[in-house]
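Next come the chains, spelled out residue by residue.
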Amino acid sequence: MREIVNWLGMKLFTRRLQRIENFMRYPLETQERVFQYLVGAARDTVFGKKYEFSPTMSLALFQKRVPLVTYEEFYPYIERSLRGEANLLWHTPQIGFAKSSGTTNSRSKYIPITKESLENAHYEAGKDMLAIYTNNYPESKLFTGKGLAVGGSLQPNPITGEKNCGDVSALIMKNLPIWAEYMRTPTLEIALMEQWEEKIEVMARAVAQENVTSIQGVPTWTIFLIKKVLEITGKKSILEVWQNLECFFHGAVAFEPYRSFFQELIPSPQMNYMEVYNASEGFFALQDQTNSSDLLLLLDSGVFYEFIPMEEWDKAEPRTLTLDEVELDKNYAVVISTNGGLWRYKIGDTVRFTNLFPFRIRITGRTKHFINAFGEEIVVENADEALAEACRQTGARLKEYTAAPVYFQHLEEATQTQKGGHQWLVEFEKEPDNLDKFVYHLDQHLRKINSDYDAKRTADLALVLPKVQVLPAQTFFNWLKSKGKVGGQNKVPRLSNTREYVESILALVEGGEKK
């Protein structure tokens, strides 16, 4: 029976390849259709009437009339939506609000989710993911077992009290069709539990009994679950529990720093890894090639894209580019208009294009998560790559990290100059064989891949050698917990141009030491 189900699943999803090939072949035409669909569907909404939307509205007119917005600027509309106002941003009602985990600020972001954004973006992209995977691995037995989803929970609406907010993964799971629910584990009752530490225990006990063939989730929280399953079962390898495990679909944070740890937890050369780029605002891209980690931009899922060159980011009226205008290997901030009712919304992510026609990208970081205190322009992509290299050179396994500038007044008295540096707070699963060697390779690889950083480090011109501080186990977990950000898609901010996060984490560590 399992073999028949697997055969049917493989056939069903590979049929979707034609749709994927179509937008790859006709990307500009596809995006034009998406744009006309969006402004046509929303023409009778409050927002659409204000900016005079119509099915024949030109992109130039749309860009002239509709301002670029951040979440804070868009919040008056979000608040009205949270109160239940209908036909405000989209022509169908919101079915919930994704509570964004992309920030550790005390004020959470609430992203409206409509039937169309759920079905045409998240679900369709999920099907595309399976279509590409089964096409790349035709001998796959993925559908002989179940997919394990490590997700978040639902929470009350901050205004109405209705339980329609939460991690986007929770909203996705709550509204899954019956056939999809049959293919996943754990049960919805367990998956939507609110208390993370209780949930991880119950989930581990439940899924340890299942035939899990794939996992989908954030690397950090997936590691927590796998370790808990091993603790409960007494097994050394997760393959002793899930003999048919073949793929981890991962997203939210860069995977490379975690790769060696997963290879130890799942010691099989047949294990596959596939990266996805999904967020509260939509499902934007996924890895479509087995020999490259580049992500194929999804162009027909109800999202219209614009891109701001990063050199324009701080301007009052920055230029926005469409796909026909972008260039390779330049950093762009992503702007989206969606069938969830977001309009020219700056999501805060930065990407660079690695291929044009078809359009493939790599995520380079966040518009707020970078270090450029001394002109070094370090982005998350640089940090992830350099840390992965330092781990390779020293036998270390990284668990979490964050980094921030160190201004001369914060340096040790013996090194106080008019120069600055970087402070890295790092938590290891396995510490390096030599910390000085780790710092050396971190610094050298950053110099190799980032010419601005290299120029500032030359002869210690503006930057001194980085300072790496190893933190006790569970530090980042406890810090996220103190912020109410445990589980789901919550993640540690990798880089900051201020010392806000670093000082907060250090205060937690010092407080623990005093106890």
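Residues numbered from 1 in each chain as written. Predicted model: local features only at pLDDT ≥ 70, side-chain atom pairs only at ≥ 80, totals over all residues. Heavy atoms only, no water.

(A) Representation of the overall build of the chain. Regarding its fold elements, the chain presents 18 helices and 20 strands. Computed over its C-alpha atoms, the radius of gyration of the chain comes to 23 Å, within 12% of the 24 Å expected for a compact globule of 515 residues. With the C-alpha coordinates aligned to their principal axes, the bounding extent of the chain is approximately 65 × 60 × 45 Å. Within the chain, the proportion of its 515 residues that are buried is 57%. Entry remark: accessible area of the chain is about 22,400 Å², with carbon and sulfur atoms responsible for 49%. Taking the average location of the 60 positive side-chain charges in the chain and that of its 66 negative ones, the two points are 3 Å from each other. (Helix = DSSP H or I, 4+ residues; strand = E, 2+ residues; numbered from the N terminus. Rg over C-alpha atoms; globule rule 2.2 N^0.38 Å. Buried < 20%, exposed > 50% of the residue type's maximum accessible area, 1.4 Å probe, protein only. Areas by Shrake-Rupley, 256 points an atom, 1.4 Å probe, with all protein chains shown as cover. Lys, Arg positive; Asp, Glu negative; His and termini not counted. Charge placed at Lys NZ, Arg CZ, Asp CG, Glu CD.)

(B) Geometry of the pairing of strand β18 (residues 397-406). A large share of β18 lies buried, amounting to ten of its ten residues. In terms of strand pairing, β18 meets strand β19 (residues 421-430) through nine bridges, oriented antiparallel. Counterpart to E400 in the pairing with β19 is E427. (Pairing = 2+ DSSP bridges.)

(C) Seen up close, the pairing of strand β13 (residues 331-338). Here β13 lies mainly inside the structure; seven of its eight residues are buried. As paired elements, strand β12 (residues 303-309) and β13 share seven bridges and run antiparallel to each other. Each bridged residue has a counterpart across the sheet, and for F304 the counterpart in β13 is S337. Across five bridges, the pairing between β13 and strand β14 (residues 345-355) is antiparallel. If you follow I336 over to β14, its bridge partner there is Y345.

(D) Examining the confidence of the model for the chain more closely. Chain-level pLDDT for the chain is 88 on average; 93% of the residues reach the 70-or-more range. For residues 409-417, every residue scores under 50 in pLDDT, and the model assigns this stretch nine contacts once sequence neighbours within four places are set aside. (pLDDT = per-residue confidence, 0-100. Contact = heavy atoms within 4.5 Å.)

(E) Examining the side chain of T144 more closely. Mapped onto the elements of the fold, T144 is located in the loop between α7 (115-136) and β3 (146-149). A residue is classified by how much of its surface remains accessible, and T144, at 12% relative accessible area, is buried. Among the polar contacts made by the side chain of T144, one reaches the main-chain carbonyl oxygen of K141 at a distance of 2.6 Å. (Polar contact = N/O pair within 3.5 Å; in protein donor to acceptor, adjacent residues only side chain to side chain.)

(F) Representation of the sheet that holds strand β9 (residues 272-279). Pairing within the open sheet is mixed, and its eleven strands lie in the order β6-β3-β7-β8-β9-β10-β11-β15-β14-β13-β12. Every interior strand has two partners, whereas the edge strands, β6 (184-185) and β12, have only one. Two elements, strand β10 (residues 282-287) and strand β11 (residues 295-297), share three bridges in a ladder whose sense is antiparallel. Each residue of the ladder has a partner; that of Q287, found in β11, is L295.

(G) Quick peek at the sheet that holds β19. Spatially, the three strands line up as an open sheet ordered β18-β19-β20, and their pairing is mixed. Each edge of the open sheet carries a strand with a single partner, namely β18 and β20 (467-470). Here the strands of the sheet are splayed against their neighbours by 25° on average, with no regard to which way each runs. Across four bridges, the pairing between β19 and β20 is parallel. Within the sheet, the bridge partner assigned to L425 lies in β20 and is Q469. The strands that helix α14 (residues 380-394) touches are β18 and β19; relative to β18, the one it contacts most, it runs at about 130°. (Axes fitted to C-alpha atoms, helices over the stretch in contact; angles between N-to-C directions.)

(H) Summary view of helix α17 (residues 475-482). If you check which residues of α17 are buried, you get T475, F476, F477, W479 and L480. Note on α17: the residue one or two positions beyond its end, G484, has a positive phi of about 70°.

(I) Structural detail: helix α6 (residues 71-82). Its twelve residues give α6 an end-to-end C-alpha distance of only 14 Å, which falls more than 12% under 16 Å, the value for a rise of 1.5 Å per residue. Listed as buried for α6 are Y71, F74, Y75, Y77, I78, S81 and L82. Within two residues after α6, G84 carries a phi angle of roughly 100°, on the positive side. (Expected span 1.5 Å × (residues − 1).)

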